[in-house]
2 protein chains.
Amino acid sequence: MSTTFPAKPRIAIVGSGSLGLYYGARLAKAGQDVHFLVRGGRAAITARGIRVKTPAERLHVKKPQVYASTEEIGVCDLVIVAIKATGNGALAKLLPPLLGPSTLVLTLQNGLGVEEPVAEVAGPDRVMGALCYIACERTAPDAVKCRFPGVMTIGKFGKPAGERTHAVAALFVKAGVKCDAQDNLEEMRWRKLVWNVPFNGLAIAAGGVTTDVIMADEGLRTLARRLMEEVVDAAGKFGLEIPRSFVDLQFERTAKMGNYRPSSLADFEAGREIELEEIWGEPVRRAKSVGAAVPRLEMLYWLLRHRVATRQGGAKRR
Amino acid sequence: MSTTFPAKPRIAIVGSGSLGLYYGARLAKAGQDVHFLVRGGRAAITARGIRVKTPAERLHVKKPQVYASTEEIGVCDLVIVAIKATGNGALAKLLPPLLGPSTLVLTLQNGLGVEEPVAEVAGPDRVMGALCYIACERTAPDAVKCRFPGVMTIGKFGKPAGERTHAVAALFVKAGVKCDAQDNLEEMRWRKLVWNVPFNGLAIAAGGVTTDVIMADEGLRTLARRLMEEVVDAAGKFGLEIPRSFVDLQFERTAKMGNYRPSSLADFEAGREIELEEIWGEPVRRAKSVGAAVPRLEMLYWLLRHRVATRQGGAKRR
C-alpha cells in the first residue's frame, strides 16, 4: 500500500445527507475532483447543482459529478463515508468498487464502533475517522444550510495520525474547513460522547426538549453532569484521561447555545433513524466490558431503545 | 387519650375520589355511620347516592351523609384521609374540626412521607396508614368502578399495631374488605414502592406504556428489576429486610396483569397530579440520607419531575 497521498486526489462522497453535500461541495469549490454518490434527490442535484449556505457565505457547485452507484464512480484515492451509521450494513456492497491498493477511507460518523464496519470491508490500515462539530441540515434535495460550520478533527483508526492523515486534514483546510489531525481517535470519540450522550439522549428521553430546557431544569442538568461523569470514568478505564474540567467546559458551551435542538432529537421527531447503538449502546457495552459503572447511561440507552422501537413499530404509541 | 374504639364509630371520609367513595360506600352498606366530605359532584351524590361496581357485586348507598366542609361533619372517632397526597397542604384546615381527644386518623395515601403531614396536625399517636392494593376509578361523580378490589393492610405510624389498629382493620373486614393489621408500616410502604417505583414510573417515562409493554421489552424489564433492587437495598439501610424473592414475586404477578395501566400513568395522561414526591422524591431523599446508592431511582425521579413540570406548565411541550 502506498504511503503517499496525491496532490489532487480523486475523492468519493458516499452519502448525500447534509454532511456529505456540505463537505463535498466545499472540496469541489476548492477545485478538488469530487464524485458524489447520490440516492435521493439526484435529479435535482444534476439539474441545479448543490447550494450551500453558511452564516458567512453562499457556495454553488453548478455541475457536481453525480452518480447512482459506486461502480460508476470507480476507484478513488479518498472515500468519505457520510451515510448514517445505521446504514453501515450496506458498506460491504458500497465500498469495494471504490477501493484501490492505496485508497483511504474516512468516516464522518458519530459515536463508537463506526470505524470497525469500514475496516471489515476495507482493512484497518486505511481507515480514518473524523469528528465533525457542526450544525447543518439538508433543506432541499440540492441545498444545505449550515448554521454553525464549527471544526473537524481527523484521526487514524487504532494508530496515531500519520503523514496521510495530515494530508487529508490539509485537504479540508484548503477547502475552508477548520480541520486538524490528532493522534488518539478513540479518545476524541469518547470526548465527543461526553456531550452527545446526555444532550442528544435527554432531549429525546425528557419528552422532546432543546438544550436550554435541560440546562434550566435542576434535575436534568445534574443528570446531564452525572452522565458525563460516567462517560469520562468509562473512558478512563481504557486509559483515556479526560479531565473533569472538560465536563465543566461542556456546560459553559451549552449555556451559550440557547434553544439548540440536538441532531438526534431532530432525527427522532422527523421519523428518521438515530445513532442509538453508536452513541449509547456501544459505549454501554464497552464500559461494562471493563467493569465501569454506567447505571444512568444504560438506563438512558434502554429508554431510548424502547422509544425508537415503538416509534418505528408505530402501532403501540398514541 | 382513650385506648378503646367504639363498636359503632362515627367515621369521616375526607376526599371523594375513587378510594374515598369505594371504602366509604362499603362501610356505609355494612351499617357504619359514615360522613362524606365531598367537593366535586356533591349535587349528583346527594340526588342519586353512591354506586359501586365490582367484578362480583353492585352496591348502592342511596342516602349517604354528604357534607361540604369538615366543620359541618364535626368530631369523629375515625377519620379516613382519602385526598391525594399532593393536596396535603389542606390538612391543617380540614382535620381539626374532626378531631376529638380519641379520634384516630387513617391515611390511604401512597408512598413515603404521607403520615407525617397528618401527624403534624393531629399529633403522631393517633395516626395510622393503609396500603391499598386495589384498582378502581371514579367513572362518574356518583359512581366508582372497581376492577380489582384487592387487599388493604393497616399499620400504626412509628409503632407496632395496637388494639385500635386491629379494631380499625376489623371494621373494614366487616365491610367486605380483605384487610389486616401489620406491625411495620414503614416496611409495608417500602414494599409497595418496590412495584410502584418502576412500573408507575416507567409507564410515564417510557412514553405512556402499560405494564405488558415494560415486561415485553428486555431493557425496560431489566431496568424495572434494577429499580426494585435499589428500593430493596435502600430499605435495607433502614433495617427493613425485604427478601430478593419479593422482587421475583413482583414480576410473576405483573406478568399476569396483562396490559395494566398504572394509576400514575392514568393520572398523568388525564392531566391530574401524580404522587411525584411520595413515590419517587421522598424515597430518593431518604435513601441518599443513609448513603444508599439509587442512581436509577434518582434519574427516574428527575425525568418524571421534568415531565410533570412541563406538562403542568403547558407551554413548553408539543
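Residues numbered from 1 in each chain as written. Chains lettered and ligands numbered in written order. Predicted model: local features only at pLDDT ≥ 70, side-chain atom pairs only at ≥ 80, totals over all residues. Heavy atoms only, no water.

**Q** Help me understand the packing of helix 7 (residues 185-205) of chain A against helix 9 (residues 218-237) of chain A in this model?
**A** How two helices sit against one another is set out by the angle between their axes and by the gap between those axes. All names here are of chain A. Packing of helix 7 against helix 9 leaves a shortest axis separation of 9 Å and a crossing angle of 150°. As far as their axial angle goes, helix 9 and helix 7 are roughly antiparallel. Handedness of the helix 7/helix 9 crossing: right-handed. Here W190, L193, V194, W195, V197, P198, F199 and L202 of helix 7 come into contact with helix 9, specifically with L220, L223, A224, L227, M228, V231, V232, A234 and A235. (Axes fitted to C-alpha atoms, helices over the stretch in contact; angles between N-to-C directions. Helix = DSSP H or I, 4+ residues; strand = E, 2+ residues; numbered from the N terminus. Parallel < 35°, antiparallel > 145°, perpendicular 65-115°, else oblique. Left-handed = near helix turned anticlockwise from the far one by under 90°. Contact = heavy atoms within 4.5 Å.)

**Q** So what exactly am I meant to see when it comes to the relation of the copies chain B and chain A here?
**A** Look at the two chain copies: a rotation about an axis and a shift along it is all it takes to match them. Mapping chain B onto chain A calls for a screw motion: a turn of 180° about the axis and a shift of 0.0 Å along it, with 0.0 Å RMSD after fitting. When the rotation and shift are considered jointly, the pair of chain copies conforms to a two-fold rotation axis. Of all interface residues in chain B, 96% are interface residues in chain A too; the two copies therefore contact each other through one and the same surface. (Least-squares fit on C-alpha atoms with pLDDT ≥ 70 in both.)

**Q** It is not clear to me how the domain arrangement of chain A should be interpreted in this structure. Could you clarify?
**A** When the parts come together, some accessible area is lost, and that loss is often what is quoted as the size of the interface. Residues and elements named next belong to chain A. Domain annotation of chain A identifies domain 1 (10-183) and domain 2 (187-317). Each of domain 1 and domain 2 was reduced to a C-alpha centroid, and the two centroids are 25 Å apart. Counting residues at the interface gives 23 residues for domain 1 and 17 residues for domain 2. Around 1700 Å² of area is buried between domain 1 and domain 2 when both sides are counted, 55% of it from carbon and sulfur atoms. Contact with domain 2 buries area across many residues of domain 1, yet K84, N110 and L112 alone supply 42% of it, more than any other trio. The interface formed by domain 1 and domain 2 includes three salt bridges. Here E116 makes a salt bridge to R286, at a shortest N to O gap of 3.1 Å. (Domains from an automatic or database assignment. Buried area = accessible area lost by both parts, 1.4 Å probe. Salt bridge = Lys/Arg side-chain N within 4 Å of Asp/Glu carboxyl O.)

**Q** How should the interface of chain B and chain A be read in this particular structure?
**A** Counting from both sides, the interface comprises 25 residues of chain B and, opposite them, 24 residues of chain A. In this assembly, chain B packs against chain A so that about 2400 Å² is buried in total across both faces, 64% of it on carbon and sulfur atoms. When the area that chain B buries against chain A is broken down by residue, the three leading residues are M299(B), W302(B) and H306(B), summing to 27%. Our count for the chain B to chain A interface comes out at zero salt bridges. For the pair chain B and chain A, the number of links is two residue pairs in polar contact (both at pLDDT 80 or more). Broken down by element, the side of chain B that touches chain A gets its largest block of residues, 10 residues, from helix 13 (residues 295-313) of chain B. Residue composition of the side of chain B that touches chain A, by class: 12 nonpolar, four polar and nine charged. (Polar contact = N/O pair within 3.5 Å; in protein donor to acceptor, adjacent residues only side chain to side chain. Nonpolar A, V, L, I, M, F, W, Y, C, P; charged D, E, K, R; others polar.)

**Q** Where do I start with the nonpolar core in this structure?
**A** The nonpolar side chains of a soluble globular protein tend to be buried with one another. The biggest cluster of nonpolar side chains holds 100 residues, and the ones touching the most others in it are W280(A) and W280(B). With near-sequence residues (within four places) excluded, W280(B) lies in contact with N196(B), V197(B), N200(B), G201(B), S264(B), I274(B), E275(B), L297(B), L300(B), Y301(B) and L304(B). (Core = buried A, V, L, I, M, F, W, Y, C linked by side-chain atoms within 4.5 Å. Buried < 20%, exposed > 50% of the residue type's maximum accessible area, 1.4 Å probe, protein only.)

**Q** It is not clear to me how the pattern of salt bridges should be interpreted in this structure. Could you clarify?
**A** Any two side chains of opposite charge can pair, so long as their charged atoms come close to each other. Per the stated rule, a full pass over the model turns up 36 salt bridges over all chains. One network of salt bridges, with partners in common, ties together E116(A), E277(A), E282(A), R285(A) and R286(A).

**Q** Is there a simple way to explain the packing of helix 7 (residues 185-205) of chain B against helix 12 (residues 276-289) of chain B in this structure?
**A** Residue and element names in this part refer to chain B. At a closest axis distance of 10 Å, the pairing of helix 7 and helix 12 adopts a crossing angle of 120°. What the angle tells us is that helix 7 and helix 12 run oblique. Viewed along their axes, helix 7 and helix 12 form a crossing whose handedness is left-handed. Only E278, I279, W280, P283 and R286 of helix 12 make contact with helix 7, whose side of the interface consists of W190, L193, N196, V197, N200 and G201.

**Q** I tried to follow the pairing of strand 6 (residues 76-81) of chain B on my own but got confused; where do I start?
**A** All names here are of chain B. Counting buried positions over the six residues of strand 6 gives five, a clear majority of the element. The sheet contact formed by strand 1 (residues 10-14) and strand 6 spans four bridges and is parallel. Note that in strand 6 the partner of I11 across the bridge is L78. Pairing of strand 6 with strand 7 (residues 99-107), which is carried by five bridges, proceeds in the parallel orientation. Across the sheet, residue L78 finds its bridge partner in strand 7, namely L104. (Pairing = 2+ DSSP bridges.)

**Q** Would you explain the packing of aromatic side chains in this entry?
**A** Aromatic ring pairs are defined here through the distance separating the ring centres and the angle between the ring planes. Residue and element names in this part refer to chain A. In the structure shown here, the tally under the stated rule is 12 aromatic pairs over all chains. Geometrically, the ring pair formed by F199 and F251 is edge-to-face, given 6.3 Å between the ring centres and 65° between the ring planes. Linking F199 in helix 7 with F251 in helix 10 (residues 244-255), this pair joins segments that are 52 residues apart in sequence. Note on accessibility: F199 and F251 belong to one class, buried. By way of ring pairs, the aromatic residues W195, F199, F251 and Y260 are connected into one cluster. (Phe/Tyr/Trp six-rings, centres within 6.5 Å; stacked < 30°, edge-to-face > 60°.)

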